[in-house]
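# Examination of the molecular architecture
Each chain, written out:
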Amino acid sequence: MRYFTQGFAVLNRRVSQWRSGVSALRHPALNPAKLCVKLVLLLLTSTATAQNLMPLPAEMHWGQGQLGWKDALKPQLSGPTDSAVTAALGRTLVRLRRDGRNLPGTATVPLQIRYGRTGNPTSFDSEKYSLRVTPMGVLLDAPTSLGILRGLATLEQLPVRDGHHSYLPEVDIQDQPRFAWRGLSLDAARHFLPVAVIKRNLDGMAAVKLNVLHWHLTDDQGFRIESKVFPRLQQAGSTDGLFYTQDEVREVLAYAAARGIRVVPEFDVPSHTTSWIVAYPRLASNDSTYAPYRLWRTTNVAIDPTRETTYTFLDSLFTEMTALFPDPYFHVGGDENDGRNWRRTPRIVAYMRAHGMVKADGKTVDKHQLQTYFNRRVLAMLQKRGKTMIGWDEILGPDLPKEAVIQSWRGKKGLNDAAKLGHPVLLSNGYYLDLNYSAASAYAADPLPADTPLTPAEQKLVLGGEAAMWTEFADSAMVDSRIWPRAAAVAERLWSPQATSQNVADMYRRLAAVSTELATLGLRHQRTPELLLKQMAGPNNVAPLRTLAEVIEPVKEYKRHFQGYSYTTQTTLNRLVDAAPAESETARRFGTLVDSVVAAGALAPLHVPAAVRQVSALRAQLLRWEANDVLLQPLLLSNSALREYGPLSTQLTAVARVLLERLTQLQTGQAASPAWLAAARATLDAAQAPAGQAELAVLKAGRKLLGS
Ligand code: ACM
């Protein structure tokens, strides 16, 4: 790399004096036999040091040297003054210091940072960097300051713990993102997310190199941003009166910019607008007035696209908001409008007929044409102010100008259809964190999979993607635990080369490390569930409750709406289901253990030494679950809020008992009788039933152990 080899005379001189695995590997004149040995050593080193980088860099070569904890890093900056770099460097040094680095009185080695110019995050500017760690020092080099921010995030993930202290392993990294747009969409409308919550999530985003905060600010249940032009929007438009002042918005924008993160606001129109109409009834399609909406269902309430006053209103509001948000992109939602408000209003039906907005039969009015008309008006309004419009995939239609960016949430097809029509596109389908699917499932979703039907020209329109966190079932206290660590898997999918991220087991290993890193950054995804459990346990021992909570997950998708429990904006999210992880790590590890025991059992009896450790770990886990119900039931029965989870606790114990028997059969080489197997399967089937909108997460692995 040109920018890597220039300058830094001191470090480069030291590097060239030092013959390491890294420099040897990069030496073209090495003899093949030596290279082979080196390669094996390097492979061993890279698995032994088991690096925790996430997202994985585009290219990395591990050496065998170490930069020890006694070597204090002495920063040397070269590049135009940039407050974001200075501040990020300061944070990195504080975090590295936690590993025992930079102690006074120790030797100093250079941490050289060099960049050519200040980057502009809002123009997809270069985020490329190279990071070289040798026993002589650290060299971080990038064309722009943005690359330096990304490189510092990598540096923070590099330390390898070694007893009380840590070392930086020798490595040579050349890195750049696969996709320019790597976002996290946060719904601050359903449950308001205070500035502190947004800020700590921006820290999490920066740690895993996500670079766009998509801020969903308005919805049926709340209008969450101060408008000075239309103040009733925030005053009357929500059930709890919570919103961001414009000063707070500016504070978030500055915080994000300092981390190389752009902020794209979403003002969702024409549907999802009950809060707008509560405040300004003149916007309504059906000439009704509305009370603040306290349920979570989609209302299909929409503002009136046929009245000029609607556009005058939007023009004034968007003039105000486009000035507040500097990013060139502006999201206008456009999702989930079934048109019922329009079709049931004679005045609007007459308008559609008068303007030929009818289906092929020439008679039935076509709400999609009316929405496209609306979108075109809004797009023109935004273009006048230099903004590019983004909308959810419902806005796609043949008459939509190509400049509009389409964010696909309903399926991959939407993404491909839009790109084929010439629109820039973003993928969110597959990345909906609120559906409570696994990190592996998000990891498998790729905006440009190997079998993409898009031509190379169309592929260029794929900007990237966004993880999405809707907050009907997440409040400001526990939203972190629904976002993290799974969003880091999406971050890797969007940053790392397609070919380097196929190893799901390794992804989970690194995800666990990132999860700890995020906790030290202040994210509360680990802490809040534990606090909720302690609150529920009161003066009692929390351990049995934790044992159950660790192996249940909230029901998937949006099934919480349909299981006999009525949720409103006022419902407190402090039940066991809210403390349960979206993806149970305990259940996942149990599944991995079952897989290895089943695989070992297929080759040899399970008493051979290789399998013994895994079998004992499995047995220990099952014994803990078997014993848990007796310990937990008194608490479940004494607390009315916990009583609904009694069946899950009983089922966990019943399942564990059956699986223990199965393990003994496998260990002793006994075959299970058909009657025993049928009864065992029936036990697992019965345990499938959710309770309190949660379900046991260990049944799939349990079935594998049964052999079915
Ligand atoms: C959406 O999830 N309605 C964009």
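Residues numbered from 1 in each chain as written. Predicted model: local features only at pLDDT ≥ 70, side-chain atom pairs only at ≥ 80, totals over all residues. Heavy atoms only, no water.

## Re the overall build of the protein
Helix and strand content of the protein: 28 helices and 19 strands. Against the compact-globule benchmark of 27 Å for 708 residues, the protein has a radius of gyration of 28 Å, which places it among compact chains. Across its three principal directions, the C-alpha atoms of the protein cover 80 × 75 × 50 Å. Within the span of the protein, comprising 708 residues, buried residues form 56% of the whole. For the protein, restricting intrachain contacts to residue pairs at least 6 apart in sequence, the fraction spanning at least 24 positions comes to 75%. For the protein, the exposed surface amounts to about 27700 Å²; the carbon and sulfur share of it is 57%. Each charge class in the protein can be summarised by its mean position, and for the 80 positive and 64 negative side chains these summaries are 4 Å apart. (Helix = DSSP H or I, 4+ residues; strand = E, 2+ residues; numbered from the N terminus. Rg over C-alpha atoms; globule rule 2.2 N^0.38 Å. Buried < 20%, exposed > 50% of the residue type's maximum accessible area, 1.4 Å probe, protein only. Contact = heavy atoms within 4.5 Å. Areas by Shrake-Rupley, 256 points an atom, 1.4 Å probe, with all protein chains shown as cover. Lys, Arg positive; Asp, Glu negative; His and termini not counted. Charge placed at Lys NZ, Arg CZ, Asp CG, Glu CD.)

## Quick word on the environment of Y373
Considering the arrangement of structural elements, one finds Y373 in helix α14 (residues 367-384). Exposure remark for Y373: the relative accessible area of 21% places this residue in the partly exposed category. Along the sequence, Y373 and S708 sit 335 residues apart, while their C-alpha atoms lie 55 Å from each other. In contact with Y373, other than residues within four places in its own chain, are P305, E308, Y311, Y351 and M357. For Y373, the side chain forms a polar contact with the side chain of R377, separated by 2.7 Å. (Polar contact = N/O pair within 3.5 Å; in protein donor to acceptor, adjacent residues only side chain to side chain.)

## Let's talk about the pairing of strand β5 (residues 137-144)
Burial runs high along β5: seven of the eight residues are buried. As judged from the six bridges shared by strand β3 (residues 108-117) and β5, these two strands associate in the parallel manner. If you follow Q112 over to β5, its bridge partner there is L139. Bridge count between strand β4 (residues 129-134) and β5: five bridges; the pairing is antiparallel. Among the inter-strand pairings, S130 is bridged to a residue of β5, identified as D141. (Pairing = 2+ DSSP bridges.)

## Examining unusual backbone geometry
Negative phi characterises most residues that are not glycine, and trans characterises most peptide bonds. A cis geometry characterises the amide bond from V269 onward to P270, with omega recorded as 5 degrees. Mapped onto the secondary structure, P270 falls in the loop between β12 (262-266) and α10 (274-279). A cis geometry characterises the amide bond from W484 onward to P485, with omega recorded as 5 degrees. Mapped onto the fold, P485 is located in the loop between α18 (479-483) and α19 (486-495). Unlike most non-glycine residues, K209 shows phi in positive territory, near 70 degrees. Tracing the backbone through its elements, the reader meets K209 in the loop between α7 (195-207) and β9 (212-216). One non-glycine residue, Q693, lies in the positive phi region at around 60 degrees. With respect to the helices and strands, the residue Q693 is situated in the loop between α27 (674-686) and β19 (694-696).

## So, the packing of aromatic side chains
Describing an aromatic ring pair means giving the distance of the ring centres and the angle of the ring planes. Following the criterion strictly, the structure yields 23 aromatic pairs and no others. Taking the centre distance of 4.7 Å and the plane angle of 55 degrees together, the rings of W215 and Y244 count as tilted. You can see W215 sitting in strand β9 and its partner Y244 sitting in the loop between α8 (232-236) and α9 (246-257), a full 29 residues away along the chain. Like Y244, W215 is buried. Aromatic pair W392 and W470: ring centres 5.7 Å apart, planes at 50 degrees, arrangement tilted. (Phe/Tyr/Trp six-rings, centres within 6.5 Å; stacked < 30°, edge-to-face > 60°.)

## As for α14
Here α14 is 18 residues long and its end C-alpha atoms lie 26 Å apart, about the 26 Å a rise of 1.5 Å per residue gives. The complete set of buried residues in α14 reads K367, L370, Q371, T372, F374, N375, V378, L379, M381 and L382. Packing partners of the buried residues in α14 comprise α11 (308-324), β13 (329-331), α12 (340-343), α13 (346-354) and β14 (388-392). Positioned one or two residues after α14, G386 has a phi angle of 75 degrees, which is positive. (Expected span 1.5 Å × (residues − 1).)

## Examining helix α5 (residues 83-97)
Compared with an ideal rise of 1.5 Å per residue, which puts 15 residues at 21 Å, α5 spans 21 Å between its outermost C-alpha atoms and is within 8% of the ideal. Looking only at α5, the buried set comprises A84, V85, A88, L89, T92, L93 and L96. Taken end-on, α5 shows its buried residues confined to a sector of 160 degrees, consistent with a single buried face. Where α5 is buried, its residues meet β2 (72-78), β3, α6 (145-157) and α9. (Arc of directions from axis to C-beta.)

## Regarding the pattern of salt bridges
When the charged atoms of two side chains lie near each other, side chains of opposite charge can form a pair. Evaluation of the coordinates by the stated rule reveals 41 salt bridges. For D141, the salt bridge goes to R114, with nearest N and O atoms at 2.9 Å. Of the two residues, D141 is situated in strand β5 and R114 in strand β3; the sequence distance between them amounts to 27 residues. We note that D141, like R114, is buried. Between D203 and R259 there is a salt bridge whose closest N-O contact spans 2.7 Å. Residue D203 is found in helix α7, and its partner R259 is found in the loop between α9 and β12; the two are separated by 56 residues along the sequence. (Salt bridge = Lys/Arg side-chain N within 4 Å of Asp/Glu carboxyl O.)

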